[in-house]
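Structural description and commentary
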Amino acid sequence: DGGITQSPKYLFRKEGQNVTLSCEQNLNHDAMYWYRQDPGQGLRLIYYSQIVNDFQKGDIAEGYSVSREKKESFPLTVTSAQKNPTAFYLCASSILQGYYGYTFGSGTRLTVV
Amino acid sequence: AQTVTQSQPEMSVQEAETVTLSCTYDTSESDYYLFWYKQPPSRQMILVIRQEAYKQQNATENRFSVNFQKAAKSFSLKISDSQLGDAAMYFCAYRSATIGGTSYGKLTFGQGTILTVHP
């Protein structure tokens, strides 16, 4: 079955460390997205990519980095420069034509300890 | 840039009753798509219903329907015969259909409305 897989489900990080969240899709979608969700807030766009080897900053890109070397994969690195990284992170993919919306992964809960 | 506003942080409904969740948006575009997503306690995002802006007919999916008022930029979700499984956070979202525009392809979400269903 086609879908989008995020791993790990839970991640703990010490202050000052970089961590990478994985996102893989086998839907043949061109576009992939990373969102951050905090309690009481909606989803905020971190980065997105509409084609391999190209990506764009979203609304809250500071302290994050991404790569898109393969169509299927869009990993997110939370760097030590991110001041408040504890949050729930959602990855999504889509075809570019808008009617079909996004397919979401099940999310990664990142906690800084 | 487009914005999406959900003015009701929390709503509650009795089982089997009807509830309406509000959503307004701001855009200068004429062609776009609107969505309602549900996020239950599992936090998995689930597409509930979608609407194409150029279609005047309101979308319906079983117990879920929308009231799309394009001129007013309003897109409310009505849940009929509410069930315990409808309890979740609901997000309204906007997606541009303008090919090549800076917002093309991106979903912009509202803040969400937490829906509680009482037995």
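Structural notes, computed from the coordinates. (Residues numbered from 1 in each chain as written. Chains lettered and ligands numbered in written order. Predicted model: local features only at pLDDT ≥ 70, side-chain atom pairs only at ≥ 80, totals over all residues. Heavy atoms only, no water.)

1. Points about the sheet that holds strand S1 (residues 4–7) of chain A
Residues and elements named next belong to chain A. Read from one edge of the open sheet, 4 strands run S1-S3-S8-S7, paired in antiparallel fashion. At either end of the open sheet lies a strand with only one pairing partner, and these are S1 and strand S7 (64–66). Going from strand to strand, the sheet's axes swing by 20 degrees on average, the running direction of each strand aside. Relative to strand S8 (residues 76–78), S7 is paired through 3 bridges, and the arrangement is antiparallel. Across the sheet, Ser65 pairs through a bridge with Thr77, a residue of S8. (Pairing = 2+ DSSP bridges. Helix = DSSP H or I, 4+ residues; strand = E, 2+ residues; numbered from the N terminus. Axes fitted to C-alpha atoms, helices over the stretch in contact; angles between N-to-C directions.)

2. Section: the state of the cysteines
All chains considered together, the criterion is met by 2 disulfides over all chains. Here A:Cys23 connects covalently by a disulfide to A:Cys91, the sulfurs 1.9 Å from one another. Handedness of the A:Cys23-A:Cys91 disulfide follows from its S-S torsion of about -75 degrees: it is left-handed. On the criterion of sequence distance, the pair formed by A:Cys23 in strand S3 (residues 19–25) and A:Cys91 in strand S9 (residues 87–94) is long-range, its members being 68 residues apart. Grouping residues by exposure puts A:Cys23 and A:Cys91 together as buried. Across the disulfide from B:Cys23 sits B:Cys92; the S-S distance is 2.0 Å. Because the sign of the S-S torsion sets the handedness, a value of about -70 degrees for the bond joining B:Cys23 and B:Cys92 places this disulfide among the left-handed ones. Taken as a pair, B:Cys23 in the loop between strand S3 (19–21) and strand S4 (24–26) and B:Cys92 in strand S10 (residues 88–96) lie far apart in primary sequence, 69 residues in all. A residue is classified by how much of its surface remains accessible, and B:Cys92, at 0% relative accessible area, is buried. (Disulfide = S-S within 2.5 Å. Buried < 20%, exposed > 50% of the residue type's maximum accessible area, 1.4 Å probe, protein only.)

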